[in-house]
Amino acid sequence: MFISSIYKTAVAGSLMCVASLACALSLADLSNKDASSGVKAALEKGATIAVAKLGVENGFLNNEKVKIGLPSAVEKAMPLLRMTGQGKKLDELQVSMNHAAESAVALAKPLLLDAVKSMSVTDAKNILTGGETSVTDFFRQKTATPLSAKFLPVVKKITDGNGLSAQYNAVMGKASASGLVSKEEASVETYVTQRALDGLYTIIADEEKAIRADPVGTGSAILGKVFGAIK
């Protein structure tokens, strides 16, 4: 009877361990294959969700966390600009900026997934141990430059439809050359492109934090196993 009780307890404990996926696992227990598969799954999940949330109509405009405001130089001059009858145009410019970001981000998924495919085993291990936003940091390092190049013409085509965009670029281009404003704010399209990238990585980071906080809750066995091992 005593031995039987011990056996039952051991079996129950083993089943609980299997159910939690991470019970006896540590990072050292993970194979390179599992580590890579888990990180790739997290990368793909973060990329897919971020593009789905932002790359749609009002994805930026209705999300206060990533909504693009007017450049700081314009914000400072807002009272005067509104007094001179430019208020409506400025409001329209902000809307067009956010819609431009939405259109640009909609094109991001292929480049993000290409970055996932290029990930090495070393990248995977570094991502697992690199902190709560290391997935996002990997994406930023691998995709910021090519995405910027892809976003810029899309953003420019949309923002050029607002008459103030050309006026802003003419004035701020000269101001930037004189060092009075940052290069990022030298034109509407460069400003929006950077804000679009920032918004994209912000949402990817949110998803990454959620995965790390509750890997089993994602419903993915590989995410539960790999990210559960480092909790």
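What counts, and where the lines are drawn
- Residue positions are counted from 1 within each chain, in the order its sequence is given.
- Only residues with pLDDT of at least 70 are given local features in this predicted model, and only at 80 or more are side-chain atom pairs given and counted; all residues enter the totals for whole chains, interfaces and linings.
- As a convention, hydrogens and water are excluded, and side-chain values are obtained from all of the structure's heavy atoms.
- In DSSP terms, a helix is any run of H or I states spanning at least four residues, a strand is any run of E spanning at least two, and both are numbered starting from the N terminus.
- Throughout, exposure labels follow a simple rule: accessible area from a 1.4 Å probe, protein chains only, divided by the maximum for the residue type, with under 20% read as buried, over 50% as exposed, and the rest as partly exposed.
- The contact definition used throughout considers only heavy atoms, calling two residues in contact when any of these lie within 4.5 Å.
- Confidence of the predictor in every single residue is expressed as pLDDT, which spans 0 to 100.
- By convention in these notes, a salt bridge is any Lys or Arg side-chain nitrogen within 4 Å of a carboxyl oxygen on Asp or Glu.
- Put simply, a nonpolar core is a bunch of buried Ala, Val, Leu, Ile, Met, Phe, Trp, Tyr and Cys residues held in one set by side-chain atoms that sit within 4.5 Å of each other.
- Axis definition: a line fit to C-alpha positions, over the contact stretch in the case of helices; interaxial angles, taken between N-to-C directions, run 0 to 180 degrees.
- Oblique is the label for any angle not covered by the other classes, which are roughly parallel (under 35 degrees), roughly antiparallel (over 145) and roughly perpendicular (65 to 115).
- Following the grouping adopted for this structure description, the nonpolar residues are Ala, Val, Leu, Ile, Met, Phe, Trp, Tyr, Cys and Pro, the charged ones are Asp, Glu, Lys and Arg, and the polar ones are all others, Gly among them.
- Ring geometry is summarised as follows: Phe, Tyr and Trp rings, the Trp one being its six-membered ring, pair when their centres sit within 6.5 Å, and such pairs are stacked at plane angles under 30 degrees, edge-to-face over 60 and tilted between the two.
- Should the near helix be turned counterclockwise from the far one by less than a right angle, the crossing is left-handed, whereas a clockwise turn marks it as right-handed.
- Any pair of nitrogen or oxygen atoms within 3.5 Å is treated as a polar contact; in protein, a donor-acceptor pairing is required on top of that, and neighbouring residues in sequence qualify only through side-chain atoms on both sides.

On to the overall build of the protein chain. Looking only at helices and strands, one finds 10 helices and 0 strands in the protein chain. In sequence order, the protein chain lays out its α and β elements as α-α-α-α-α-α-α-α-α-α. Out of the 231 residues belonging to the protein chain, those deemed buried represent 40%. Taking all contacts inside the protein chain whose residues are at least 6 apart in sequence as the whole, residues at least 24 apart take part in 77%.

On average, residues of the protein chain score 83 in pLDDT, and 82% of them are at 70 or above. With pLDDT under 50 throughout, residues 1–24 is counted as low confidence; its partners more than four residues away or in other chains account for 11 contacts.

The final tally for this structure, using the stated rule, is 8 salt bridges. The residue Lys-156 makes a salt bridge to Asp-160 at a minimum N-O spacing of 3.2 Å. Judged by its relative accessible area of 40%, Asp-160 falls in the partly exposed class. A cluster of three or more residues bridged by salt bridges with shared partners is formed by Arg-140, Arg-195 and Asp-198.

Relative to the helices and strands, Gln-94 is located in helix 4 (residues 87–105). Apart from the residues within four sequence positions on either side, Gln-94 is in contact with Lys-67, Ile-68, Gly-69 and Leu-70.

With that settled, the discussion passes to the nonpolar core. Nonpolar side chains in soluble globular proteins tend to be buried together. In this structure, Leu-112, Phe-139, Val-192 and Leu-200 are the most contacted members of the largest nonpolar core, which totals 54 residues. At 10 residues, helix 9 (residues 188–213) tops the list of elements feeding residues into this core. The residues contacting Leu-112, other than those within four sequence positions of it, are Ala-47, Val-51, Phe-139, Thr-143, Leu-147, Leu-200 and Ile-204.

In the contact formed by helix 2 (residues 32–54) and helix 5 (residues 109–117), the axes pass within 10 Å of each other and the chain directions differ by 170°. Between helix 2 and helix 5, the angle is such that the two are roughly antiparallel. Packed against helix 2, whose contacting residues are Lys-40, Leu-43, Glu-44, Ala-47, Thr-48 and Val-51, the element helix 5 presents Lys-109, Leu-112, Leu-113 and Val-116 at the interface. Along the lines of polarity and charge, the residues of the contact of helix 2 with helix 5 split into 6 nonpolar, 1 polar and 3 charged.

Attention now goes to the side chain of Thr-159. With respect to the helices and strands, Thr-159 occurs in helix 7 (residues 134–159). Of the residues examined, Thr-159 reaches a relative accessible area of 0% and is grouped as buried. Beyond its immediate chain neighbours, meaning those up to four positions away, Thr-159 contacts Ser-96, Met-97, Ala-100, Ser-165 and Val-188.

Moving on, we get to the packing of aromatic side chains. Applying the stated rule across the entire model yields 1 aromatic pair. Their ring planes at 55° and their centres at 6.2 Å tell us that Phe-138 and Phe-139 sit as a pair that is tilted. Judged on exposure class, the residue Phe-138 and its partner Phe-139 are both buried.

What follows deals with the packing of helix 2 against helix 6 (residues 121–129). With their axes 9 Å apart at the nearest point, helix 2 and helix 6 run at an angle of 70° to one another. In this view, helix 2 runs roughly perpendicular relative to helix 6, as classed from their interaxial angle. As helix 2 packs across helix 6, the resulting crossing turns out to be left-handed. Here helix 2 contributes Asn-32, Ala-35, Ser-36 and Val-39 to the contact with helix 6, which in turn contributes Val-121, Ala-124, Lys-125, Ile-127 and Leu-128. Counted by class, the contact of helix 2 with helix 6 contains 6 nonpolar, 2 polar and 1 charged residues.

Along the chain, Asp-214 turns up in the loop between helix 9 and helix 10 (221–228). For the pair Asp-214 and Phe-227, spaced 13 residues apart in sequence, the C-alpha to C-alpha distance is 8.6 Å. A polar contact is formed between the side chain of Asp-214 and the backbone nitrogen of Gly-217, at a distance of 3.1 Å.

On the secondary structure map, Glu-208 appears in helix 9. For Glu-208, a relative accessible area of 5% puts it in the buried group. Separated by 72 residues in sequence, Glu-208 and Thr-136 place their C-alpha atoms 7.4 Å apart. Contacts of Glu-208, omitting those with residues within four sequence positions, involve Gly-131, Glu-132, Thr-133, Ser-134, Val-135 and Thr-136.

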